[in-house]
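Okay, here's what each chain looks like letter by letter:
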Amino acid sequence: MPGVLTQTTPFKTITVNELHPTFGAEVSGVDFENTTKEQFDEILAAMAMYGFCVFRSTPLTDATHVSFSRRFGSLDTIARFVTPGRALRYAHLELFDASNLDSSNAILPADSPRAHASRGNRLFHTDSSFNPRRASFSLLRAVELPPPETGGNTDFADSRAAWDRLPADVQAELLRDDWTGAFSMAHSRKLGSPDFFADMDPVEAAPMARHKIVQVHEASGRLGLYVGAHLHHLEGEGMSVERSKALVGFLNAWCQRKEFVATVKWEWEGDLVIWDNRAVLHRAGEWSGDGVFRRDMRRTTVHDDGERAWGGNAVGMEMPTINAWIARKAMVGEVKVA
Ligand code: OGA
Ligand code: MN
């Protein structure tokens, strides 16, 4: 039951309180300034089990957020999104900017290109599924929060439970056909703000990345759906445009059924949520304060180093961006999409 706090797992150095019947936990007792290997291994075990974990009021700074994240693996950076001459709000290229602030730290106007681009984050997605090398973990930290009554929560959907509860005939079909998904950041941006991106064609905006849509989550051995708003279409023998549209629509809607969704309310500056993109989907929840209140969220993104990290893509292939398209369209030199 959400909200019922029970110690249910045999961890020694952390306390784990479950947040939802199938996934999600609030974890306390972590020493972020000096995390022992034993404690870090317990965090990894909790991540494997719960898919996302919430850590309240951590003392993390930009620098320690990055150094703590490195313990999970090598980190993606925003270097490819940074256009020459662009000012950054902070010094660390490992921190993706999920805020509603511009480079001079002012609230982004709701009609700015970046605000339009970030609307895609309000749809359930998996970070970096549009990259040839996908992401394992994302670590999102609250730096400045809007008034709680305006919303601004982050929602999670359990893609392993969603798989488990699919009708058996659908499961059998998906296992037999083993479809490949083509993932595109441009596609989710367009879904998030259709008018602004009306004349952007995701097929032309950037190369798409290929990953299987049903996969084993290595850390837990469970199967899960790897779908979300970046999933543009499916490929495989016998797949048609119509079938792809229907199946993508069905699977994305299925994962968002109420029974698979949990909401994290950000409470304190320093709150950190870690999620495993191979086990959960997430989205920025509705909020009424965009363009009015500051919401400063910073995220590190860990490169997957598992067997399926590069999916059907050439290992070492360059990561795509759609910045050039947005910059052309808006005639601005600064665009950042998360
Ligand atoms: C992200 C993201 C959601 C939020 O940073 O990847 O989707 O609530 N953020 O800011
Ligand atoms: Mn995201």
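Every chain begins its residue count from 1, and numbering advances along the sequence as written. Chain labels run from A onward and ligand labels from 1 onward, assigned in the order the entries are written. Two thresholds apply to this predicted model, a pLDDT of at least 70 for residue-level local features and 80 or more for giving and counting side-chain atom pairs, whereas whole-chain, interface and lining totals are computed over all residues. Side-chain numbers come from the whole structure's heavy atoms, not from hydrogens or water.

- Taking an unreviewed UniProt entry as the reference, the chain is identified by name as Alpha-ketoglutarate-dependent 2,4-dichlorophenoxyacetate dioxygenase belonging to Podospora appendiculata.
- UniProt positions are given in the numbering used here, feature names are shortened, and annotations may be inferred rather than shown by experiment. Looking at the Sequence similarities (unreviewed entry) heading of the UniProt record, one finds this comment for the chain: "Belongs to the TfdA dioxygenase family."

Focus on helix α8 (residues 241-255)
Here is step 1: Taking 1.5 Å as the rise per residue, α8 with 15 residues should run 21 Å; its terminal C-alpha atoms sit 21 Å apart, in good agreement.
Here is step 2: Within the sequence span of α8, burial applies to S244, L247, V248, L251, N252, W254 and C255. Down the axis of α8, the smallest arc covering the buried residues is 160 degrees, so these residues share one side. Set apart from the buried face of α8 by more than 90 degrees, the exposed residues are E242 and K245. Numbering of helices and strands starts at the N terminus; helices are DSSP runs of H or I of at least 4 residues and strands are runs of E of at least 2. Take the residue count of a helix, subtract one, and multiply by 1.5 Å to get its expected span. Note on exposure labels: buried denotes an accessible area under 20% of the residue type's maximum, exposed denotes more than 50%, and partly exposed covers the range between, all computed with a 1.4 Å probe on protein chains only. Of all possible arcs, the one meant is that of the directions from the helix axis to the C-beta atoms.

Observations regarding the site of ligand 1
Here is step 1: It suffices for a single heavy atom of a residue to lie within 4 Å of a molecule or strand for the residue to be listed as near it. Around ligand 1 sit A98, H125, D127, L140, N153, T154, W275, H282, A284, R295 and R299, and those are all the residues in its vicinity.
Here is step 2: Note that an oxygen atom of ligand 1 is positioned 3.2 Å from one of the side-chain N or O atoms of H125.
Here is step 3: Here the Shrake-Rupley method, with its probe set to 1.4 Å, supplies the accessible areas, and only the displayed protein chains count as covering residues. Contact with the protein chains covers 98% of the free accessible surface of ligand 1, which is 290 Å².
Here is step 4: Across the shell around ligand 1, the residue classes tally to four nonpolar, four polar and three charged. Here a polar contact is recorded for every N or O atom pair within 3.5 Å, except that within protein the pair must consist of a potential hydrogen donor and a potential acceptor, and residues adjacent in sequence are included only if both atoms are side-chain atoms. Under the scheme applied, nonpolar residues are Ala, Val, Leu, Ile, Met, Phe, Trp, Tyr, Cys and Pro; charged residues are Asp, Glu, Lys and Arg; polar residues are all the others, including Gly.

Focus on the environment of R299
Here is step 1: Secondary-structure assignment places R299 in strand β15 (residues 296-303).
Here is step 2: In sequence terms R299 and D97 are 202 residues apart; their C-alpha atoms lie 6.6 Å from each other.
Here is step 3: A polar contact of 3.1 Å, which involves the side chain of R299, links it to the side chain of T301.

Describing the sheet that holds strand β6 (residues 154-158)
Here is step 1: Pairs of strands are assigned from DSSP output, requiring at least two bridges between the strands. Pairing is antiparallel across the open sheet formed by three strands, whose spatial order is β12-β6-β14. Strands at the two margins of the open sheet, each flanked by one partner only, are β12 (261-264) and β14 (280-284). Strand-to-strand twist of the sheet, defined as the mean angle between neighbouring strand axes without regard to direction, takes the value 25 degrees.
Here is step 2: Here β6 runs beside β12; their pairing, made up of four bridges, is antiparallel. The residue bridging D155 from the neighbouring strand is T263, located in β12. In this analysis, axes come from line fits to C-alpha atoms, helices being fitted only over the stretch in contact, and the angle between any two N-to-C directions falls in the range 0 to 180 degrees.

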